[in-house]
2 protein chains.
Amino acid sequence: MDVQRNLAQRINVGDALTRSAAARPDQLAIVDGDRSLTYARFDAWVNRLAHGLLARGYAVGDALALAAGNSAEFLAVYYACAKTGVVCVPINLGWRPDEVAYVLRHSQARGIVVETQLAVTIAEAVAQVPAVTDVVLAVGLAHDDPEVLTSEVTDVASMTLTDLATDDESTPEVGIDDRAALSYLYTSGTTSFPKGVVGTHLAIHLESMSAALDSGWNASDRFVAMMPMFHTAQLNAFCTPAVIVGATIHVHRGFDPERFLTTIERERITQVFGLPVMYRTALEHPGFGDRDLSSLRRAVYAMAPMPEAQIKACLEGYRCDFALLFGQTEMSPITTLFRPEHQLSHVGAVGTPLTGVQVGIMGPDGELLGPGEQGEIVYRGPSTMQEYLHDEAATATAFAHGWFHSGDVGRFGEDGVLWFADRTKDVIKTGGENVASLEVERAVYDAEPDVSEVVVVGLPHARWSEAITAVVVPKPGTEVDPDGLIAALKKRLDGYKVPKAVIVVDEFPRTSTGKIQKNVVRDTHAMHYGGR
Amino acid sequence: MDVQRNLAQRINVGDALTRSAAARPDQLAIVDGDRSLTYARFDAWVNRLAHGLLARGYAVGDALALAAGNSAEFLAVYYACAKTGVVCVPINLGWRPDEVAYVLRHSQARGIVVETQLAVTIAEAVAQVPAVTDVVLAVGLAHDDPEVLTSEVTDVASMTLTDLATDDESTPEVGIDDRAALSYLYTSGTTSFPKGVVGTHLAIHLESMSAALDSGWNASDRFVAMMPMFHTAQLNAFCTPAVIVGATIHVHRGFDPERFLTTIERERITQVFGLPVMYRTALEHPGFGDRDLSSLRRAVYAMAPMPEAQIKACLEGYRCDFALLFGQTEMSPITTLFRPEHQLSHVGAVGTPLTGVQVGIMGPDGELLGPGEQGEIVYRGPSTMQEYLHDEAATATAFAHGWFHSGDVGRFGEDGVLWFADRTKDVIKTGGENVASLEVERAVYDAEPDVSEVVVVGLPHARWSEAITAVVVPKPGTEVDPDGLIAALKKRLDGYKVPKAVIVVDEFPRTSTGKIQKNVVRDTHAMHYGGR
């Protein structure tokens, strides 16, 4: 590699920080508790950490795990990796120690940055993976309790983040390819062996540019970052775009309605990102109506569409645009945005393609289907992941026919709006018919107002192969009558789509980010019909 | 190359058109005279041309020259090249036949697309380069005169653009690297051997994304394209960004004030790009005050800053934002934008960096200089050109110290705004001192209101090595007194910066795009002091 030309020409996510610091040194980059870092100070800190990694022999392609809640430190380590070509491996804080150990082993991590509160827990995982030689304690998080700095904690670590940093605040000059890996993001643990999604500088930067362009962000924007940074959505759909345009990130460690509303009001926040339940909770928070939220330009939500009543209540309460972000880790992650202008006219849709992403619907033989036809949702574009780490077979399957296969089923309307139907693997095959569980779930909500949440799964069945089954959680203080619900569904659905049984439960198993673990639901009730 | 993955992951300028056509098929892409092409129709046409190139054996890296005025055909051929990996070599319509022949030879062009009006002229150049086997006549331009289709013209061509196109409207599936060349753009002929700037898909797409992001463009924008498309600014700072966001391009073949104003009014144009003189001419056009130009969001100008009186008149007349675009072909091309908020407070500056471009000021030993210090303007960022074609030495020099060297001299103010001083090669070395000619030019405008235009050059001189000399064009109906002007300059400039002579001329020699040919001015008056 000609390093001189690489430095002048390349795509590198860390260079976006370098540029924003050069162009707007005094602009606030990160506010985390009582710490406020300008772009110049944040960049200087990142450079000191980057030189620390280089001094300890980290080279392009070496992996460094990162186990931390939302914090300035999280972003500083991420950008220090970007500037050195080191691969950042964010650890999902909901993983069990053996899952963490699997990821450390699979990613061949040389080290891990871990914040003090998590040190003892993570140590259990690190102990299983001798190849991890550096355990770097991130001391000084805004949320730190000094009490936790016991010898038990400090014994775990080989150094602190402060030890890691050098005094050199200059931009490190390391040759790094456009398609070098910036991160291995392991897809969330709903399957036993998570896959490592290799995200390149090129893919993540292009997705970030598209997110900023498509949403019209600029340096005057102020973001609240409260969704987990170890997930691609918070990290690459909001934080990296914010750094590209030189905007300000207010770091929250999770969602607290009082702090959320106070921050919007006091800091004149313009952009927020959360789950539908967070917007609902804040809306019902005492004193919501007295808040001045007039600075808000857009509230983005993810994971699930909002029912019509809820989106109406949100639009009325927050008086800003709402948009749903749809995508997946492999796409860095945004693929479509369900845009403000469609929120009320296309309830339940997932929107139109992000600039820079081509969305197709593919039939079983690799043929592209037209509007109205249902098939697998496939993607093309420069924000597509590079590959699954150490998994050529899965990579080849994912890129069959020259498109990235999402594993989602959907269709386009004639007006170009995408509708998500289901996960391919969640399609229920019953008596020779394919049934999209989402369609049945929608009918359940429609038929029984007392249902709080429903999951429709196919359970092993001697006659039907898979029997359509609705597992429901009633709203607090109500009851759901299975027979009455089935009767009501018979009026709404084709006969073969009507659940063979309704199972009432108190709650669903969830991932650390609140996603219902449909596979666990399926396993729990696998013997409901006595098996196949 | 794994073509399946390349198709799903790559950066390619042509893919941006494919995406916009998929997402917004019925949106207007191009209006050229009485032809209106939706994105679906434009994309289908481009695909038919692309398949035609493939059918004739054109492969990734083959060069195809393009000699055409602004037209839908120009853009169709450019995008057909993009989709096939063929390198487009736009021909400057101001070049002499031997200059065209030089470029055809240097770029190793296999063919040339030429519009009917230019066929006979271009044939003279093609005759000198036997390697050019295909001469494709672009018949059917909106501006074509059918009379020119004489046998003299048709004899020149081996086929027409209509012959080239196949019936296949599908997206061609050709594996093309991110850093494959999309164009060789030859820097304008003010030197005897123009350099071929290799612009990659990556660089041009990233610059286009930055231009769109920085200006807040979206699908509702409508552009007038009246500057020459064979230049990077019109092509890559406006046309390719417009295609990325799915906006509409109204093609004009040059500037006509009546048509310009009528188009803005009738088509509700939002974005225009021209030279300062064009805005001034339109402003003085009869009936300007009666026009409804309220759709205009931004008018961009280039090549030269506007004096304060002119920018004030423009802001008052057009009632939209004005911005200066600064950059160069090697940067694809925008590097800084002199933004609306600075137009009146920083008259004469060239602005602040484009998102995605880092701008530095470098001293003679490669050291970066701080605010207020003058040095060479250097750049970093993914929109930087790949190299100079067949010129490793010039490429290595251009990328010394890990930055692209612009050849421009400037400084940053403390507020981060960039001021252009001069071209390095235009710096006048007089009596051991370096003098920026721009500073002297500004003083001339300030001292003598009757000066319409001034060029300050260093001319060979026995004592001073180079003698500072002001060559001036007086305003119509006025006269400039050389002695009086020199006396007035003595009050405004350090003694060594005062011109040794003032030469009054009627007009300046210009390039085809209106740039003053400073080198020709210098050569014309080289013996003014009798030589060195």
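What comes next concerns the included structure. (Residues numbered from 1 in each chain as written. Chains lettered and ligands numbered in written order. Predicted model: local features only at pLDDT ≥ 70, side-chain atom pairs only at ≥ 80, totals over all residues. Heavy atoms only, no water.)

Our focus in this paragraph is the overall build of chain A. Per the secondary structure count, chain A includes 17 helices and 26 strands. Relative to the 2.2 N^0.38 estimate, which gives 24 Å for 532 residues, the radius of gyration of chain A is 24 Å and therefore close to what a compact globule would have. Here chain A, with 532 residues, has 61% of them falling under the buried criterion. At a minimum sequence separation of 6, the contacts of chain A that also span at least 24 residues come to 67%. Taken as a whole, chain A presents about 19900 Å² of accessible surface, with 49% of it coming from carbon and sulfur. If you average the places of the 44 positive and of the 67 negative side-chain charges in chain A, the two averages end up 4 Å apart. (Helix = DSSP H or I, 4+ residues; strand = E, 2+ residues; numbered from the N terminus. Rg over C-alpha atoms; globule rule 2.2 N^0.38 Å. Buried < 20%, exposed > 50% of the residue type's maximum accessible area, 1.4 Å probe, protein only. Contact = heavy atoms within 4.5 Å. Areas by Shrake-Rupley, 256 points an atom, 1.4 Å probe, with all protein chains shown as cover. Lys, Arg positive; Asp, Glu negative; His and termini not counted. Charge placed at Lys NZ, Arg CZ, Asp CG, Glu CD.)

Before going further, it helps to examine the sheet that holds strand S21 (residues 418-423) of chain B. Residue and element names in this part refer to chain B. Sheet architecture is open: four strands sit in the order S17-S18-S20-S21, paired in antiparallel fashion. Edge strands, defined here as strands with exactly one partner in the open sheet, are strand S17 (358-362) and S21. Sheet twist, expressed as the average angle between the axes of neighbouring strands with direction ignored, equals 50°. With five bridges joining them, strand S20 (residues 404-412) and S21 adopt antiparallel strand pairing. (Pairing = 2+ DSSP bridges. Axes fitted to C-alpha atoms, helices over the stretch in contact; angles between N-to-C directions.)

All names here are of chain B. Its place among the elements puts glycine 61 in the loop between helix H3 (39-55) and strand S3 (63-67). A relative accessible area of 42% means that glycine 61 is categorised as partly exposed. In sequence terms glycine 61 and alanine 80 are 19 residues apart; their C-alpha atoms lie 13 Å from each other. Here glycine 61 is in contact with Gly85, Val87 and Tyr184, once residues within four sequence places are set aside.

The next subject is the interface of chain B and chain A. By a widespread convention, an interface's size corresponds to the accessible area lost as its parts come together. At the junction of the two partners, chain B supplies 44 residues and chain A supplies 44 residues. Summed over both sides, the interface between chain B and chain A buries roughly 3400 Å², with carbon and sulfur atoms accounting for 57% of that surface. Its largest share of buried area at the contact with chain A, chain B owes to Gln9(B), Arg19(B) and Leu213(B), together 19% of the area lost on that side. Between chain B and chain A we count six salt bridges in total. Its salt-bridge partner being Glu173(B), residue Arg380(A) comes within 2.9 Å of it at the nearest N-O pair. Secondary structure elements with two or more residues in the side of chain B that touches chain A: helix H1 (3-9), helix H2 (13-23), helix H9 (201-215), helix H10 (232-245) and strand S18 (375-380) of chain B. (Buried area = accessible area lost by both parts, 1.4 Å probe. Salt bridge = Lys/Arg side-chain N within 4 Å of Asp/Glu carboxyl O.)

Bringing the packing of aromatic side chains into the picture now. For the structure on display, the rule yields 32 aromatic pairs over all chains. Ring centres of Tyr279(A) and Tyr318(A) lie 5.8 Å apart, and the angle between their planes is 85°; this geometry places the pair in the edge-to-face category. Within this pair, whereas Tyr279(A) is found in helix H12 (residues 276-283), its partner Tyr318(A) is found in helix H13 (residues 308-318), the two being separated by 39 residues in sequence. By the burial criterion, Tyr279(A) is buried, and Tyr318(A) matches it. Pairing Phe223(B) with Phe238(B) gives two aromatic rings, centres 6.5 Å apart and planes at 70°, and the pair type is edge-to-face. Here Phe238(B) lies in helix H10 and Phe223(B) lies in strand S10 (residues 222-225), a separation of 15 residues in the sequence. (Phe/Tyr/Trp six-rings, centres within 6.5 Å; stacked < 30°, edge-to-face > 60°.)

Moving on: the nonpolar core. The biggest cluster of nonpolar side chains holds 228 residues, and the ones touching the most others in it are Phe42(A), Tyr318(A), Phe42(B) and Tyr318(B). Setting aside residues no more than four positions away along its own chain, Tyr318(B) makes contact with Phe260(B), Met278(B), Tyr279(B), Ala282(B), Leu283(B), Phe288(B), Leu293(B) and Leu296(B). (Core = buried A, V, L, I, M, F, W, Y, C linked by side-chain atoms within 4.5 Å.)

Here we come to the environment of Ser158(B). Residues and elements named next belong to chain B. Topologically, serine 158 is positioned in the loop between helix H7 (151-156) and strand S7 (159-160). Residue classification places serine 158 among the partly exposed residues on the basis of a relative accessible area of 44%. Sequence separation of serine 158 and phenylalanine 260 is 102 residues, and the distance between their C-alpha atoms is 36 Å. When near neighbours in sequence (up to four residues on either side) are disregarded, serine 158 contacts Thr133, Asp134 and Val135.

With that out of the way, let us pick up the sheet that holds strand S21 (residues 418-423) of chain A. Residue and element names in this part refer to chain A. Spatial strand order, S17-S18-S20-S21: four strands in an open sheet with antiparallel pairing. Pairing within the sheet leaves two strands with one partner each, and these edge strands are strand S17 (358-362) and S21. Neighbour-to-neighbour, the strand axes of this sheet turn through a mean angle of 50°, independent of strand direction.

Of note, Ser210(A) is situated in helix H9 (residues 201-215). There is a polar contact of 2.8 Å between the side chain of Ser210(A) and the backbone oxygen of Thr355(A). (Polar contact = N/O pair within 3.5 Å; in protein donor to acceptor, adjacent residues only side chain to side chain.)

Moving on, we get to the relation of the copies chain B and chain A. After a rotation of 180° and a shift along the axis of 0.0 Å, chain B superposes on chain A with an RMSD of 0.1 Å. Seen this way, the second copy is the image of the first under a two-fold rotation axis. Taking the C-alpha atom as reference, chain B places Leu213(B) closest to the rotation axis, 2.4 Å from it. Most of the interface of chain B is mirrored in chain A, where 100% of its interface residues again form contacts. (Least-squares fit on C-alpha atoms with pLDDT ≥ 70 in both.)

With that settled, the discussion passes to the pattern of salt bridges. What the rule picks out here adds up to 46 salt bridges over all chains. Of the charged contacts in the structure, one is a salt bridge between Asp32(B) and Arg35(B), with a shortest N-O distance of 3.0 Å. Here Asp32(B) falls in the buried class, since its relative accessible area comes to 0%. With a shortest N-O distance of 3.0 Å, Arg110(B) and Asp62(B) are connected by a salt bridge. In this pair, Arg110(B) is assigned in strand S5 (residues 109-115) and Asp62(B) in the loop between H3 and S3, connecting sequence segments 48 residues apart. Put simply, Asp32(A), Arg35(A) and Glu73(A) are held in one network by salt bridges that share partners.

Moving on: helix H6 (residues 119-126) of chain A. The periodicity of an α-helix, 3.6 residues per turn, causes residues three or four positions apart to be oriented the same way. All names here are of chain A. Taken together, the buried positions of H6 are Ala119, Ile122, Ala125 and Val126. The arc that holds every buried residue of H6, seen down its axis, measures 115°, which confines them to one face. Residues of H6 that are buried make contact with strand S3 (63-67), helix H5 (97-106), strand S5 (109-115), strand S6 (134-138) and helix H7 (151-156). (Arc of directions from axis to C-beta.)

All names here are of chain B. Its place among the elements puts proline 97 in helix H5 (residues 97-106). Here the alpha-carbon distance between proline 97 and glycine 175, two residues 78 residues apart in the chain, equals 35 Å. Among residues more than four places away in sequence, those in contact with proline 97 are Glu124, Ala125 and Gln128.

Quick look at the packing of helix H3 (residues 39-55) of chain A against helix H4 (residues 72-84) of chain A now. All names here are of chain A. Taken N-terminus to C-terminus, the directions of H3 and H4 make an angle of 60°; their axes are 8 Å apart at the nearest point. One element, H3, and the other, H4, form an angle in the oblique class. Between H3 and H4 lies a crossing of right-handed hand. The residues of H4 that touch H3, namely those facing Phe42, Asp43, Trp45, Val46, Asn47, Leu49, Ala50, Leu53 and Leu54, are Ala72, Glu73, Leu75, Ala76, Val77, Tyr79, Ala80, Cys81, Lys83 and Thr84. (Parallel < 35°, antiparallel > 145°, perpendicular 65-115°, else oblique. Left-handed = near helix turned anticlockwise from the far one by under 90°.)

Looking now at helix H11 (residues 257-267) of chain A. Residues and elements named next belong to chain A. Those residues of H11 that sit buried are Pro257, Phe260, Leu261, Thr263 and Ile264. Taken around the axis of H11, the buried residues stretch over an arc of 160°, which confines them to a single face. Buried positions along H11 lie against strand S10 (222-225), strand S11 (248-251), strand S12 (271-274), H12 and H13. Remark: arginine 268 follows H11 within two positions and exhibits a positive phi of approximately 55°.

The next point concerns unusual backbone geometry. Note: most residues except glycine have negative phi, and most peptide bonds are trans. The step from Ser332(A) to Pro333(A) runs through a cis peptide bond, and the omega angle for that step is -5°. The phi dihedral of Arg268(B) is positive, around 50°, even though this residue is not glycine. Arg268(B) sits in the partly exposed class, given a relative accessible area of 33%. The phi angle at His390(B) is positive, at roughly 50°, despite the residue not being glycine. Looking at the element boundaries, His390(B) is found in the loop between strand S19 (387-388) and helix H14 (392-398). On the accessibility criterion, His390(B) (51% relative accessible area) is exposed.

Residue and element names in this part refer to chain B. Strand S25 (residues 465-474) sits mainly inside the fold: eight of its ten residues count as buried. Inspection of the sheet shows strand S24 (residues 451-461) paired to S25 by ten bridges, in the antiparallel sense. Each bridged residue has a counterpart across the sheet, and for leucine 459 the counterpart in S25 is alanine 467. Between S24 and S25, which pair antiparallel one after the other, the connecting turn spans three residues. In the sheet, S25 pairs with strand S26 (residues 501-504) via four bridges, with the strands oriented parallel. Following the sheet pairing, valine 471 is matched in S26 by isoleucine 503.

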